[in-house]
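Residues per chain are reported as follows:
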Amino acid sequence: MTESLNVTVDRRQGLAVIYTEGYINNQGGEEIAKVSYELLDEGYKVLLLNLAGTKIVNSIGISILIEIIEKMIEINGKLGFCCLTPTIEKTFHIMGLAQYAPIFGDEAAAVAQLQAA
Amino acid sequence: MTQGVLSEVELALPMVPEMEIEASKIATGIAESIRMSPDRIDEVRMAVVEACINALEHSGASDRKVFVTFQVLGERDPEKLRIMVHDNGVGFAPEVLEEPTIEGKLKAARKRGWGLKIIKGLMDEVEIRSGVEGTTVVMSKMR
């Protein structure tokens, strides 16, 4: 059985929200990276990853998210996360991701904070 | 009285993509059966995924198998879930592994290498046994 990832995007004024549905493993991480880099090419420098539809991730997938964070730092952009399960949020804290990509409880708060930044 | 093994389940999984998901499903079922809280079950599930991926990626096991043993421990009632993830690979020296940091990984070409740190952060007890007969990650979570 394959646990694939579906990714959809909502382009908004000055910010794009990326929604994930499924397992973020290496293929899932690559899919998120592909979509993220396309959005950067379109001119979006603020991205929000809404993981409400993702209940499991692995460290290979998260390593690809670190590549995206690195890219965002390079271009002086911003990446945030919202709607994480408690375990995914805890894992991001264990790894230190939250120091470089803020984590928000819900999408509305994330959009407000990222657009204001 | 000391904790004994109340029940035990053994799995032998082929090293194929997403075999870690199958192991995590068994972990979830056993943790639910001892009424572990949902958040703790989710942490166990993630730790099992990471331990299986480590075996898949780094063991170099010629039999291309991962062996997972789940033990429910307790005096009379379930108190703890112990999970042993074993491979018959080449082994490694855990004491020389450098702990990854986000600062280091942001600058590094290789961003991977987080598995053990995540497992240690999610489980209550973790022990790594590694040598010429392979590697076993022994990890436990109180109910």
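Residues numbered from 1 in each chain as written. Chains lettered and ligands numbered in written order. Predicted model: local features only at pLDDT ≥ 70, side-chain atom pairs only at ≥ 80, totals over all residues.

A word on the pairing of strand β2 (residues 65-74) of chain B
Residue and element names in this part refer to chain B.
Phase 1: Judged from the 10 bridges that link them, strand β1 (residues 4-14) and β2 form a sheet pairing that is antiparallel. In the sheet register, Val5 faces β2, and the bridge partner there is Leu73.
Phase 2: Relative to strand β3 (residues 80-87), β2 runs antiparallel, the two being bridged by seven bridges. Looking across to β3, one finds that Gln71 is bridged to Arg82. (Pairing = 2+ DSSP bridges. Helix = DSSP H or I, 4+ residues; strand = E, 2+ residues; numbered from the N terminus.)

Side note on the packing of helix α1 (residues 19-33) of chain B against helix α2 (residues 38-58) of chain B
A pair of packed helices is captured by two measures, namely the crossing angle of their axes and the spacing between those axes.
All names here are of chain B.
Phase 1: In the contact formed by α1 and α2, the axes pass within 8 Å of each other and the chain directions differ by 150 degrees. The orientation of α1 with respect to α2, classified from their angle, is roughly antiparallel. The way α1 lies across α2 gives a crossing that is right-handed. Counting all contacts with α1, which are made through Met19, Glu20, Ala23, Ser24, Ala27, Thr28, Ala31 and Glu32, the residues of α2 involved are Ile41, Val44, Arg45, Val48, Val49, Cys52 and Ile53.
Phase 2: Residue composition of the contact of α1 with α2, grouped by class: 10 nonpolar, two polar and three charged. (Axes fitted to C-alpha atoms, helices over the stretch in contact; angles between N-to-C directions. Parallel < 35°, antiparallel > 145°, perpendicular 65-115°, else oblique. Left-handed = near helix turned anticlockwise from the far one by under 90°. Contact = placed C-beta atoms within 7 Å. Nonpolar A, V, L, I, M, F, W, Y, C, P; charged D, E, K, R; others polar.)

Concerning the interface of chain A and chain B
Phase 1: The interface of chain A with chain B comprises 23 residues on the first partner and 22 residues on the second.
Phase 2: When residues of the side of chain A that touches chain B are traced back to their parent elements, those giving at least two are α2 (59-74) and α3 (86-95) of chain A.
Phase 3: The element contributing the most residues to the side of chain A that touches chain B is α2 of chain A, with eight residues.
Phase 4: Here the residues of the side of chain A that touches chain B sort into 10 nonpolar, nine polar and four charged.

Here we look at the confidence of the model for chain B
Phase 1: In the predicted model, chain B carries a mean pLDDT of 95, and 99% of its residues have values of at least 70.
Phase 2: This complex was scored by the predictor with a pTM of 0.94 and an ipTM of 0.93. (pLDDT = per-residue confidence, 0-100.)

Considerations on the sheet that holds strand β3 (residues 46-53) of chain A
Residues and elements named next belong to chain A.
Phase 1: Pairing in this open sheet of five strands is mixed, and the strands run β1-β2-β3-β4-β5 from one edge to the other. At either margin of the open sheet sits one strand with a lone partner, and together these are β1 (5-12) and β5 (103-104).
Phase 2: Across five bridges, strand β2 (residues 15-22) lies against β3 in parallel orientation. Across the sheet, the residue bridging to Val17 is Leu48, located in β3.

Things to note about the packing of α2 of chain B against helix α4 (residues 115-122) of chain B
Residues and elements named next belong to chain B.
Phase 1: Viewed as axis vectors pointing N to C, α2 and α4 meet at an angle of 155 degrees, and their least axial separation amounts to 9 Å. For the element pair α2 / α4, the angle class is roughly antiparallel. In terms of crossing hand, the pair formed by α2 and α4 is left-handed. Here Glu43, Met46, Ala47, Glu50, Ala51, Ile53 and Asn54 of α2 lie close against α4, whose contacting residues are Gly115, Ile118, Ile119 and Leu122.
Phase 2: For the contact of α2 with α4, the residue count by class is seven nonpolar, two polar and two charged.

Concerning the environment of Ser4 of chain A
Residue and element names in this part refer to chain A.
Phase 1: Mapping Ser4 onto the fold places it in the segment before β1.
Phase 2: Among the residues examined, Ser4 registers 12 C-beta atoms within 10 Å and is labelled exposed.
Phase 3: Considered as a pair, Ser4 and Gly14 are 10 residues apart in the sequence and their alpha carbons are 29 Å apart. (Buried ≥ 20, exposed ≤ 12 C-beta atoms within 10 Å, placed from the backbone.)

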